[in-house]
Amino acid sequence: MDKGLLRARERLSSARSLVVLTGAGVSAESGVPTFRGPEGLWRNFRPEELATPQAFRRDPKLVWEWYDWRRRIIAPLKPNPGHLAISELEKRVPEFLLVTQNVDGLHRLAGNAKLVELHGNIWLARCVAEGTVAENRELATIPPKCGCGALLRPHIVWFGESLDEDDLKTAVEAARNCEVMIVAGTSSVVQPAASLAGLAKESGAFVVEVNTDETPITGFVDASIRGRSGEILPMLVGGAR
Ligand code: APR
């Protein structure tokens, strides 16, 4: 077995606190398109045309049609063994937090409850006038409207927007105080999520990366395990008591 995997399993076996940070490479194992890389969404679509407040102001119908297309892809998909492994870790480790950049809701479906959805959730919509957030699973008309008459927008953090302050504070505090951090399936290029691994490392945590490729954090983590999240994460769980 990979040396890094062995060390990670060993550290997990005694860990009292664990933070798991996930990106699109975890949901990719369920069939959800990633953003970067050969089949990534940003290879076929321009983020500035679809995932910014300006894009939504300019053409709310186009933006909603894109999110509706993504939701139709995601709707039939199920959590994969990587998701289930992370859900099992929440049960086993006393102090646990899942910080996900994924908006597909698959971690909740897999049973995780102690989680922060840093970039929002594709199944939630927000009134642009009142700021109220509610579940929105089907779109009769595009773009949908709030009862107050104003437009609803996807409850997603777009480029150029700031993250929810409480979510970020929770994630940063957990990163600073955990014994082990697992960073799975993220290119670690989008801030502030990309800084959490460094925060954990400088606070003394054992940081494990699970990724099919190298990323900007590969150079400083304690173990960087090359492989698919759906295969590696279940092998890591074996180490947790
Ligand atoms: N197993 C493990 N890792 C994988 C797999 C897999 N099956 N498939 C892809 N990866 C890795 C890729 O090597 C890459 O490092 O997952 C990462 C996916 O990177 P991105 O597509 O950039 O996704 P992510 O890191 O989640 O993007 C962060 O960017 O566009 C914004 O808001 C969006 O939340 C997203 C953020």
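Residues numbered from 1 in each chain as written. Predicted model: local features only at pLDDT ≥ 70, side-chain atom pairs only at ≥ 80, totals over all residues. Heavy atoms only, no water.

Caption draft 1: Highlighting the sheet that holds strand β9 (residues 223-226). Strand order in the open sheet formed by 6 strands is β3-β2-β1-β7-β8-β9, and the pairing between neighbours is parallel. Looking at which strands have only one partner, the edges of the open sheet turn out to be β3 (115-117) and β9. Taking each pair of neighbouring strands and ignoring which way they run, the sheet shows an average axis angle of 15 degrees. Where strand β1 (residues 17-22) and strand β2 (residues 95-100) come together, 6 bridges link them in parallel fashion. Bridge pairing in β2 places Val20 opposite Leu98. (Pairing = 2+ DSSP bridges. Helix = DSSP H or I, 4+ residues; strand = E, 2+ residues; numbered from the N terminus. Axes fitted to C-alpha atoms, helices over the stretch in contact; angles between N-to-C directions.)

Caption draft 2: Main features of the pairing of β1. Extensive coverage of β1 is indicated by the burial of 6 of its 6 residues. Burial along β1 is two-sided: the face carrying Ser17, Val19 and Leu21 and the face carrying Leu18, Val20 and Thr22 are both buried. As paired strands, β1 and strand β7 (residues 180-184) are joined by 5 bridges and run parallel to one another. Its bridge partner being in β7, Thr22 is matched across the sheet by Ala184. (Buried < 20%, exposed > 50% of the residue type's maximum accessible area, 1.4 Å probe, protein only.)

Caption draft 3: The arrangement of the site of the ligand in detail. Around the ligand, the structure places 22 residues, and the nearest of them are Glu29, Arg36, Thr186, Ser187 and Asp213. At 3.2 Å, a backbone N or O of Gln101 approaches an oxygen atom of the ligand. Gly185 places a main-chain nitrogen or oxygen 3.2 Å from an oxygen atom of the ligand. Protein coverage of the free-state accessible area of the ligand, which is 730 Å², stands at 90%. Most atoms of the ligand, that is more than half of them, are within 2 Å of grid points of the largest pocket. Broken down by class, the residue content of the shell around the ligand amounts to 6 nonpolar, 12 polar and 4 charged. (Near = heavy atom within 4 Å. Polar contact = N/O pair within 3.5 Å; in protein donor to acceptor, adjacent residues only side chain to side chain. Areas by Shrake-Rupley, 256 points an atom, 1.4 Å probe, with all protein chains shown as cover. 1 Å grid on protein atoms, 1.4 Å probe; cavity = no way out; pocket = protein on both sides within 12 Å on 5 of 7 lines; lining within 4 Å. Sits in = over half its atoms within 2 Å of the grid points. Nonpolar A, V, L, I, M, F, W, Y, C, P; charged D, E, K, R; others polar.)

Caption draft 4: Molecular detail of the packing of aromatic side chains. On inspection of all chains with the given rule, the structure shows 8 aromatic pairs. Note on Tyr67 and Trp158: the rings are 6.3 Å apart at their centroids and 45 degrees apart in plane angle, and the pair reads as tilted. Taken as a pair, Tyr67 in helix α6 (residues 60-74) and Trp158 in the loop between β6 (152-156) and α9 (165-177) lie far apart in primary sequence, 91 residues in all. Judged by relative accessible area, Tyr67 falls into the buried class, the value being 1%. Ring pairs connect the aromatic residues Phe35, Trp42, Phe45, Phe56, Trp66, Tyr67, Trp69, Trp158 and Phe159, which therefore count as one cluster. Looking at Arg70, its charged tip hangs above the ring of Trp66, at a distance of 4.8 Å from the centre. The aromatic ring of Trp123 is capped on one face by Arg137, whose charged end is 4.4 Å from the ring centroid. (Phe/Tyr/Trp six-rings, centres within 6.5 Å; stacked < 30°, edge-to-face > 60°. Lys NZ or Arg CZ within 6 Å of the ring centre and 35° of its normal.)

Caption draft 5: Here's a closer look at the domain arrangement of the protein. What the domain assignment reports for the protein is domain 1 (3-32 + 78-119 + 163-237) and domain 2 (37-76 + 129-156). Distance between the C-alpha centres of domain 1 and domain 2: 27 Å. At the junction of the two partners, domain 1 supplies 6 residues and domain 2 supplies 6 residues. By the criterion of area lost to domain 2, the three top residues of domain 1 are Lys78, Val103 and His119, representing 62% of everything that side buries. Linking domain 1 with domain 2 are 0 salt bridges, by the criterion used here. Linking domain 1 to domain 2 there are 0 residue pairs in polar contact (both at pLDDT 80 or more). Residue composition of the side of domain 1 that touches domain 2, by class: 2 nonpolar, 2 polar and 2 charged. (Domains from an automatic or database assignment. Contact = heavy atoms within 4.5 Å. Buried area = accessible area lost by both parts, 1.4 Å probe. Salt bridge = Lys/Arg side-chain N within 4 Å of Asp/Glu carboxyl O.)

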